[in-house]
Amino acid sequence: LQQQRRMDTLVGAPLCALLNVLVRVLDVLLRRDPSLKTPPRRILVIKLVGLGSIIHATHLLQALRERYPDSHLAFLCFRSTRALVERLPQVDEVLTLDDSTYGRLLITVLRWLAHVWRHPYQLVIDLEVHSKFSTILSTLTCARSRAGFYLITTRFRQGIYTHLVYENRLRHTQEAYRQLGRALGLTVKVGQPLPPRLTQQERDEANAFLESEGADGKKLLAIGGPDRPLIVLIRRQGCLF
């Protein structure tokens, strides 16, 4: 992860600077209208990593689905989060990048770009906050409307994104998504995330596991680890150990 962050800075920073200039020039020359007066036929949401953030984005996805029921809604992520995104009922298509090696990442990015340019998107929403890589991907889609967040460290996105919202790190992630949705003319709810699709077999297996561990009916705390989640029992009501 540290190596990826270094590469994101060393390679991504100059590319973002170049794209910023190109986008500003092309937008003036082509006189493109970034507003959403015309409903987008194809929408792309980018969230490469972060299982929790993807779950919290379900209300934003639902708002997009309700506002544009006839639009094709795609989601771009890394291979590690694909299994979750595939279970979101709001998403029509899941596109995956393989970041296991830089070579595979380059190949999958080129394949993805070929797909995007054959089937262009009119609206791209980048839910990554710090990533220069996702900024580059959003820009290369050539979508007329591009939305995302910015911080003091990501002010390079000004001029690249047509709908830019400051992300308040002191507020809950869902509040940030609601603010971004408001900039796009959406009404995004805040509250319990919408559940992913689960088969009855998976529910039965989970219930059987909890019962075998003596945890059935008890309060649980799930802790996300680097390899697999750990289930920790909360043995006293309202107390965390």
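Notes on the overall build of the protein chain
Move 1: For the protein chain, the helix and strand inventory stands at 9 helices and 8 strands.
Move 2: In summary, the protein chain has a C-alpha radius of gyration of 20 Å against a globular reference of 18 Å for 241 residues, a match within 12%.
Move 3: Reported as C-alpha extents along the three principal axes, the dimensions of the protein chain are approximately 65 × 40 × 35 Å.
Move 4: Here the protein chain holds 241 residues, and the buried ones make up 39% of them.
Move 5: Long-range contacts, defined here as pairs at least 24 residues apart, represent 58% of the contacts in the protein chain between residues at least 6 apart.

Some thoughts on the nonpolar core
Nonpolar side chains in soluble globular proteins tend to end up buried together.
Move 1: Grouped together as the largest cluster of nonpolar side chains are 32 residues, with contacts concentrated most on Val45, Leu64, Phe75, Ile125, Leu127, Phe149 and Leu186.
Move 2: Put simply, the parts of the chain that give this core at least two residues each are β1 (42–46), α4 (58–67), β2 (72–78), α5 (82–85), β4 (123–126), β5 (145–150) and α8 (173–183).
Move 3: Looking at which element gives the most residues to this core, the answer is α4, with 4 residues.
Move 4: Sequence-distant contacts of Leu186, that is, excluding residues within four places in its chain, are made with Leu60, Ala63, Leu64, Arg67, Tyr68 and Gly181.
Move 5: With 17 residues, the next largest nonpolar core counts Ile46, Val109, Tyr121 and Leu137 among its residues.

Digging into the side chain of Arg146
Move 1: The residue Arg146 is located in strand β5 in this model.
Move 2: The exposure class assigned to Arg146 is buried, which follows from its relative accessible area of 3%.
Move 3: Filtering out sequence-adjacent residues up to four positions away, Arg146 remains in contact with Val23, Asp27, Val124, Ser138, Thr139, Ile160, Tyr161, Thr162 and His163.

Section: the sheet that holds strand β3 (residues 93–97)
Move 1: Overall, parallel pairing links the 6 strands, which are arranged β3-β2-β1-β4-β5-β6 in an open sheet. Each of the sheet's edge strands pairs with one partner strand only, and the pair in question is β3 and β6 (163–166). When the angles between neighbouring strand axes are averaged without regard to direction, this sheet yields 15 degrees.
Move 2: Across 4 bridges, the pairing between β5 and β6 is parallel. Residue pairing in the sheet places Gly148 in a bridge with Leu164 of β6.
Move 3: Helix α6 (residues 102–118) rests against β1, β2 and β3 of the sheet, and its axis sits at about 145 degrees to β3.

Observations concerning the packing of aromatic side chains
Move 1: If you walk through the whole model with that rule in mind, you get 3 aromatic pairs.
Move 2: Measuring from centroid to centroid gives 6.4 Å for Phe78 and Phe133, while their planes differ by 20 degrees, and the two rings are stacked. Taken as a pair, Phe78 in strand β2 and Phe133 in helix α7 (residues 132–140) lie far apart in primary sequence, 55 residues in all.
Move 3: Classification of Phe78 by relative accessible area gives buried; the value is 8%.
Move 4: Judged by centre distance (5.4 Å) and plane angle (70 degrees), the ring pair of Tyr150 and Tyr166 falls under edge-to-face. Placement of Tyr150 in strand β5 and of Tyr166 in strand β6 is noted, with a sequence separation of 16 residues between them.
Move 5: Its relative accessible area of 22% is what places Tyr150 among the partly exposed residues.
Move 6: The ring of Tyr121 has Arg42 lying over it, and the distance from NZ or CZ to the ring centre is 4.6 Å.

Remarks on the side chain of Arg65
Move 1: Checked against the element boundaries, Arg65 lands in helix α4.
Move 2: Given a relative accessible area of 18%, Arg65 falls into the buried group.
Move 3: There is a polar contact of 2.6 Å between the side chain of Arg65 and the side chain of Asp92.
Move 4: What Arg65 contacts, discounting residues up to four positions off in sequence, is Ser71, Leu73, Gln90 and Asp92.

What counts as what
Residues numbered from 1 in each chain as written. Predicted model: local features only at pLDDT ≥ 70, side-chain atom pairs only at ≥ 80, totals over all residues. Heavy atoms only, no water. Helix = DSSP H or I, 4+ residues; strand = E, 2+ residues; numbered from the N terminus. Rg over C-alpha atoms; globule rule 2.2 N^0.38 Å. Buried < 20%, exposed > 50% of the residue type's maximum accessible area, 1.4 Å probe, protein only. Contact = heavy atoms within 4.5 Å. Core = buried A, V, L, I, M, F, W, Y, C linked by side-chain atoms within 4.5 Å. Pairing = 2+ DSSP bridges. Axes fitted to C-alpha atoms, helices over the stretch in contact; angles between N-to-C directions. Phe/Tyr/Trp six-rings, centres within 6.5 Å; stacked < 30°, edge-to-face > 60°. Lys NZ or Arg CZ within 6 Å of the ring centre and 35° of its normal. Polar contact = N/O pair within 3.5 Å; in protein donor to acceptor, adjacent residues only side chain to side chain.

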